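Structure at a glance
Chain by chain, the residues run as shown.
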Amino acid sequence: MMTVERRQLLVNGEPRILISGEVHYFRLPRETWEDRILKLKAAGGTTVASYIPWLCHELPDRSLDLDGHTRPELDLGAFIDLCHRHGLYFIARPGPFIMAEMKNEGIPYRIYTEIPEAVPVGWDGKPAPTKTLDYLAPRFLEAVDGWYEGVMTVLAPRLIQHGGNIIAVQLDNE
């Protein structure tokens, strides 16, 4: 478990200096993952952080590919486990809103049509001129619950308190 005491980060009660680098597994051919992880480690990294884009993992039928059955680079568990095998901590960043130069900020396009009340309106009653969402719209939050439910099945067993390497889960963007 990660805690902060007297301005120190503690992982399982031990002070740690975390040097983190982003490795976006979903953008890399799976066969290059280990090379990137080893390069981060060689540069002094102790931690890998990665966005986990809902947009990439959701299939047209709204099911999720978190194990790489449609595209090998979507095997989130395998990526986190590879980091663990190399002694690196992992910071999971499942959004729902992410930047990372991701189309639609990582949110499935269907949300705009299926949950029109999530599209905010201005004082004039007109919808926002750019694609944006009201992140507190109840049906949007229900959709996010479904995303979190799916992704957390991969993350929860890999949390550090369960013997894994995930030391933090960062919701939303930065």
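Scope of this entry: the structure provided in the associated data block. Here the structure is a predicted model, which means the values were calculated and not measured.

**Description of the nonpolar core**
Grouped together as the largest cluster of nonpolar side chains are 44 residues, with contacts concentrated most on Leu-76, Phe-79 and Phe-140. Residue assignment for this core shows that the elements contributing at least two residues are helix H1 (33-42), strand S5 (47-51), helix H2 (54-57), helix H3 (76-85), strand S6 (89-95), helix H4 (110-114) and helix H5 (138-155). Top contributing element to this core by residue count: H5, with 8 residues. With residues up to four places along the chain from it excluded, the contact list for Leu-76 reads Tyr-25, Ile-52, Leu-66, Val-151, Val-154 and Leu-155. Among the nonpolar cores identified, the runner-up in size contains 6 residues, and Val-11, Ala-49, Ile-91 and Ile-160 belong to it.

**Here we look at the sheet that holds strand S7 (residues 166-171)**
Strand order in the open sheet formed by 4 strands is S4-S5-S6-S7, with parallel pairing between adjacent strands. Edge strands, defined here as strands with exactly one partner in the open sheet, are strand S4 (20-22) and S7. Between one strand and the next, the sheet's axes are offset by a mean angle of 20 degrees, whatever the strand orientation. Relative to S6, S5 runs parallel, the two sharing 5 bridges. Residue pairing across strands places Ser-50 opposite Ala-92, the latter belonging to S6. Here H3 sits on the sheet and contacts S5, S6 and S7; the angle it forms with S6, its principal contact strand, is near 155 degrees.

**Let's talk about the packing of aromatic side chains**
With the rule as written, the count across this model stands at 8 aromatic pairs. For the ring pair Tyr-25 and Trp-33, a centre distance of 6.4 Å and an interplane angle of 80 degrees mean the geometry is edge-to-face. Just as Tyr-25 is buried, Trp-33 falls in that class too. Through pairs of rings, three or more aromatic residues link up here, namely Tyr-25, Phe-26, Trp-33, Phe-79 and Phe-90. For the cation-ring pair, Arg-93 lies above Tyr-51, with the distance from its terminal atom to the ring centre recorded as 4.1 Å.

**Focus on the packing of H1 against H3**
It is at 10 Å that the axes of H1 and H3 come closest, and there the two elements cross at 40 degrees. Here H1 runs over H3; the crossing is right-handed. Facing Trp-33, Glu-34 and Ile-37 of H1, the residues of H3 in contact are Ala-78, Phe-79, Leu-82 and Cys-83. Across the contact of H1 with H3, the residue classes break down as 6 nonpolar, no polar and 1 charged.

Rules behind the numbers
Residues numbered from 1 in each chain as written. Predicted model: local features only at pLDDT ≥ 70, side-chain atom pairs only at ≥ 80, totals over all residues. Heavy atoms only, no water. Core = buried A, V, L, I, M, F, W, Y, C linked by side-chain atoms within 4.5 Å. Buried < 20%, exposed > 50% of the residue type's maximum accessible area, 1.4 Å probe, protein only. Helix = DSSP H or I, 4+ residues; strand = E, 2+ residues; numbered from the N terminus. Contact = heavy atoms within 4.5 Å. Pairing = 2+ DSSP bridges. Axes fitted to C-alpha atoms, helices over the stretch in contact; angles between N-to-C directions. Phe/Tyr/Trp six-rings, centres within 6.5 Å; stacked < 30°, edge-to-face > 60°. Lys NZ or Arg CZ within 6 Å of the ring centre and 35° of its normal. Left-handed = near helix turned anticlockwise from the far one by under 90°. Nonpolar A, V, L, I, M, F, W, Y, C, P; charged D, E, K, R; others polar.

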